[in-house]
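# Architecture and fold: a report
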Amino acid sequence: MNNAIHTTPFGATPGALSRWICTIALLSAVTGGCLSAEQPTASTEETPSLAADTSSSLPRGWTSNDAMMVFFQIAGLIDTNALNPLPVAESVRNSIDHLLSSIDPYAEYLSPDDYQQWMAARKESYAGVGMDLRERTGRGGVICIPYPDSPALAAGIREGDLLLEVDGEPVGNLRAREVALMIRGQPHSEVTLTFQRQGLPPTSVPIRRTPQRSRTVSLHNIEGTPALRIFAFEPSTPSEILDALNRALSGSVLLIDISGNQGGDLYAAIDAARMFLDEEQEIVTVEGRKGQRVWRTENPGVLRDTSVRILVDRHTASAAEVFAAALLGNSRARLFGEPTYGKGLTQHVFSLTDGGALILTDGHLLGPSGLEWNRIGLPVSGSASDLLTEITE
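Here the structure is a predicted model, which is why all the values come from computation and not from measurement.

Counting residues in hydrophobic clusters, the biggest one holds 41 residues, and the most contacted among them are F233, I256, I258, F276, I310, F323 and L327. Listing elements by their share of this core, those giving two or more residues are β11 (225-230), α8 (237-246), β12 (253-257), α9 (266-274), β13 (282-288), β15 (307-312), α10 (319-329) and β16 (333-337). By residue number, the principal contributor to this core is α10, which donates eight residues. Residues within four places of I310 in sequence aside, it is in contact with I256, I258, F323, A324, L327, A333, R334, L335 and F336. Of all hydrophobic cores here, the second largest spans 19 residues; its members include M131, V179, L193 and I207.

As structure tokens, this is what we get:
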């Protein structure tokens, strides 16, 4: 029979305690030991920028916290006395996941491997098929959004197709970033994608990977009206918008399509909105635990006199909603399509001592004059067909 005498303040034997000590840095980081830069260089929402490295600056006062002491005591007792204990790493991960899910639906702990994948998926230059991916809300799987003139589009993949397999490997339970890395590879190598269009059987197509550079903007026109498609907001997006509009046909109205745009870089959305606003107009307010910050325009935007209509849908979220709300709230644009997703929150990425990272919500977004869209979405003036009718009349 196991002796219940404990030789440490944690209530565990020294051997069990030593196995848990290796988790202290990670747990203390998740429970308050992460340090962020006061002003991140590119704070974002769904794909935030990195905060300062915390590996050498963890707080030393965690051992004086009674709740943390109890946690480690219980963990040690489980490790030494439970009939069916979990491996320490699995126990820690379960604890972290439960903690995060209880306070923040967008929070996520990235293991060192996950973090490396996350950063690799954000590289601007890569060899792939020229396609963005969107996770299906609530049902799993990823939706294809091929870029114009891309290998994916040439192979027959169309926006809205459901991606089923990459080289025969099912991807239905994977995150979009994981699938993106599976699709990427060596230039001129081949990858086989299996996709399904609604109402049709699955189709498999081989596609040759070619060097790609992340593109967030494309330009076409509808009945003589310039139509700007913004797939995501990244640091290059504002300059891509200007480049595209320099090539645009003249027209009395500019249509901006951000349907399916799930966000990206908050500052890129702010800079994009600046171009369409007049001086001293409010863009967005971010409210956090340390107070609030308001972003306003300083000078008149180069596109401030352009009449704008914005197409949105239920997948338009986060930084894309910041852009739309800035123009809507300043009476610079009307929205058409479907009410947006309703994610008026910002996230930040904190690096951890184990080489992983923590994504954590740290701000609440409000549009001009306190315009709120979190959980309710932005309203629209009419349907997509109403917009088409308006611009073709």
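A cluster of nonpolar side chains, V70, I74 and I78, forms an exposed patch at the surface whose accessible area comes to about 250 Å². On the secondary structure map, I74 appears in helix α3 (residues 66-81). Judged by relative accessible area, I74 falls into the partly exposed class, the value being 46%.

Before going further, it helps to spend a moment on the pattern of salt bridges. Per the stated rule, a full pass over the model turns up twelve salt bridges. Across the salt bridge formed by R197 and D161, the nearest N and O atoms sit 2.8 Å from each other. On the criterion of sequence distance, the pair formed by R197 in the loop between β7 (190-196) and β8 (203-208) and D161 in the loop between α6 (151-154) and β5 (162-166) is long-range, its members being 36 residues apart. Residue class for D161 comes out buried when judged on its relative accessible area of 2%. Linking E298 and R274 is a salt bridge whose minimum nitrogen-to-oxygen distance equals 3.2 Å. Of this pair, E298 sits in the loop between β14 (291-296) and β15 while R274 sits in helix α9, and the two are 24 residues apart along the sequence.

Quick notes on the rules
- Residues numbered from 1 in each chain as written.
- Predicted model: local features only at pLDDT ≥ 70, side-chain atom pairs only at ≥ 80, totals over all residues.
- Heavy atoms only, no water.
- Core = buried A, V, L, I, M, F, W, Y, C linked by side-chain atoms within 4.5 Å.
- Buried < 20%, exposed > 50% of the residue type's maximum accessible area, 1.4 Å probe, protein only.
- Helix = DSSP H or I, 4+ residues; strand = E, 2+ residues; numbered from the N terminus.
- Contact = heavy atoms within 4.5 Å.
- Patch = residues over 30% accessible without salt bridge, like charges linked within 9 Å, V, L, I, M, F, W, Y side chains within 5 Å.
- Areas by Shrake-Rupley, 256 points an atom, 1.4 Å probe, with all protein chains shown as cover.
- Salt bridge = Lys/Arg side-chain N within 4 Å of Asp/Glu carboxyl O.

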